[in-house]
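Below are the chains, spelled out letter by letter.
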Amino acid sequence: MKFGALYDKKVKDIDISHKEEKENINDKFKIDIKTENCKLFLAKKAISVEIKESPDFIKNRLIAEGIRPINNVVDISNYVMLETGQPLHFYDADRLGEKLEVRMAEKDEKLTTLDEIERTLSENDIVISNGKKAIGLAGVMGGLETEIEDNTKNVIIESAIFDGVKVRLTSKKIIRSEASNRFEKGLDPNRTYIAIERACTLLEKYANAKILKGTAIYDKTEKDNKEIEISLEKIKRILGSSLSMKEVEDIFRRLGFSISKKGENISVSVPRRRIDIDIEEDLIEEVGRIYGVNNIERKTSKSANNSRKL
C-alpha cells in the first residue's frame, strides 16, 4: 500500500473468489478457544486435494524470500503468508479429527514439532490441541502428527491471531519462524479473514480442492478503523514545512485514509491494517515519508546561528 501511495496508484485487490460445496464445516467440525491469548480463530475445510508440485510463480516467490518449496498445498500456505502478512497453518483433516482447541500448555507437556524434535512445553506456551493432546505450537510451528503429506486428501485451514508477547517468548525458547515474526509484530484481523479465503482460492485452482461451505469462527477482535485527530499546524511544525491543507489531504487519500475536517483539526480514519499507526506522530511520519524528506525546506535554528557567533 505504501508503494501505491508513493506512485499514487491503486493497489490491486487480492482474488478471494472460489466455489463452495453444500456441506458446511460447522455441521461436524468444532473449534474451542480456552485462553484469552487467542482473540481470533478461523477454520475452513478443503477436501479432495491433489498433492503435487507447485506452479513456478509460487516456487519462485518462496525461493526469493528464502523459503524452501515443498508441495503445492504447503507452498500455498506460505505464499498466502507472504501475500497478506497473515500466517496460516494447514492440518491433515483425517489425522486431526473433528475438533481444534486452543489452550495453554500443561507443565512439561510434550509435543513433537514438524522438525521432528520433541519439545517440552511450559504453562506459558499456547498450544493447538485436537481435544486430547497438543498437536501444534500456536504461532510458532505445527506438530508432526497432523502435517500435510503426499497422501493427504482433506485439509483443515487455520487462520488466527495469537498474543504476540506469548508467541515471542515461546519462539525465543523453541525456534524462530516466519510465522512467529509476524505474530510478534501484530496482525490486522481483517486480513485474517482475507488470508483464509485466499488460501481456498489457490487450493481450488492449484490443488483441485473442493471447499466446504462456511467458516468456523471465534472472534473477539476490533476491526473498525482507528480515528486520530490532528491539526495542520502541528504537521507543519513537526516537519518544518509549509504544506498546505490540500497537500496533506492528498497524501492521506493516497495512503487510503479517509478524512473529515473538525474546525482547525483533521480527523483521520486509519484502516485497522495499519498496525503501525496509533498516534498523531505516526501520521506525521507518514506525511513526511510520502511528501519526501528531500522536499522539506532546510532551516537553521537561532541557537545554531548564535553558536557560530561565539
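Further up the page is the structure itself.
In what follows, the accompanying structure is described. The structure presented is a predicted model; accordingly, all values stated were derived computationally and were not measured.

1. Here's the deal with the pairing of strand 7 (residues 126-129)
Then comes step 1: Alternating positions in strand 7 separate into two faces, Ile-126 and Ile-128 on one and Val-127 and Ser-129 on the other, with burial throughout.
Then comes step 2: With four bridges joining them, strand 4 (residues 99-104) and strand 7 adopt antiparallel strand pairing. Across the sheet, Glu-101 pairs through a bridge with Ser-129, a residue of strand 7.
Then comes step 3: Taken together, the three bridges between strand 7 and strand 8 (residues 134-137) define a ladder with antiparallel strand orientation. What sits directly across from Ile-128, in strand 8, is Gly-136.
Then comes step 4: Two successive antiparallel strands, strand 7 and strand 8, enclose a turn made up of four residues, where Gly-131 displays a positive phi of approximately 100°.

2. What about the nonpolar core?
Then comes step 1: Membership of the largest hydrophobic core comes to 61 residues, with the highest contact counts inside it found for Phe-41, Phe-90, Leu-100, Ile-128, Ile-156, Phe-162 and Leu-203.
Then comes step 2: Broken down by element, this core gets its largest block of residues, seven residues, from helix 3 (residues 72-84).

3. Description of the sheet that holds strand 7
Then comes step 1: Strand order in the open sheet made by the five strands is 1-4-7-8-9, with mixed pairing throughout. Where the open sheet ends on each side, the last strands, each with one partner, are strand 1 (30-33) and strand 9 (141-142).
Then comes step 2: As paired strands, strand 8 and strand 9 are joined by two bridges and run antiparallel to one another. Along strand 9, the bridge assignment pairs Leu-137 with Met-141.

4. So, the packing of helix 9 (residues 245-254) against helix 10 (residues 280-291)
Then comes step 1: Orientation of helix 9 relative to helix 10, taken along the N-to-C sense of each, is 95°, at an axis distance of 10 Å. With respect to helix 10, the element helix 9 is oriented roughly perpendicular. Contact residues: Glu-247, Ile-251, Phe-252 and Arg-254 in helix 9; Leu-283, Glu-286, Val-287, Ile-290 and Tyr-291 in helix 10.

5. Quick word on the side chain of His-18
Then comes step 1: Structurally, His-18 is set in the loop between helix 1 (2-7) and strand 1.
Then comes step 2: A polar side-chain atom of His-18 sits 2.6 Å from a polar atom in the side chain of Glu-197.

6. Concerning the pattern of salt bridges
For side chains bearing opposite charge, pairing can occur when the charged atoms are close.
Then comes step 1: Summed over all chains, the structure comprises 29 salt bridges.
Then comes step 2: Of the charged contacts, one joins Glu-20 and Lys-44 as a salt bridge, the two residues approaching to 3.2 Å between their closest N and O atoms. Placement of Glu-20 in the loop between helix 1 and strand 1 and of Lys-44 in strand 2 (residues 38-47) is noted, with a sequence separation of 24 residues between them.
Then comes step 3: With relative accessibility at 1%, the residue Lys-44 sits in the buried group.
Then comes step 4: Residue Glu-184 pairs with Arg-176 through a salt bridge whose shortest N-O separation is 2.7 Å.
Then comes step 5: Look at Glu-184 and you get partly exposed, because its relative accessible area is 22%.
Then comes step 6: By relative accessible area, Arg-176 is classed as partly exposed at 46%.

Rules of the game
- Residues numbered from 1 in each chain as written.
- Predicted model: local features only at pLDDT ≥ 70, side-chain atom pairs only at ≥ 80, totals over all residues.
- Heavy atoms only, no water.
- Buried < 20%, exposed > 50% of the residue type's maximum accessible area, 1.4 Å probe, protein only.
- Helix = DSSP H or I, 4+ residues; strand = E, 2+ residues; numbered from the N terminus.
- Pairing = 2+ DSSP bridges.
- Core = buried A, V, L, I, M, F, W, Y, C linked by side-chain atoms within 4.5 Å.
- Axes fitted to C-alpha atoms, helices over the stretch in contact; angles between N-to-C directions.
- Parallel < 35°, antiparallel > 145°, perpendicular 65-115°, else oblique.
- Contact = heavy atoms within 4.5 Å.
- Polar contact = N/O pair within 3.5 Å; in protein donor to acceptor, adjacent residues only side chain to side chain.
- Salt bridge = Lys/Arg side-chain N within 4 Å of Asp/Glu carboxyl O.

Everything listed here is a matter of coordinates, which is why it stays silent on function.
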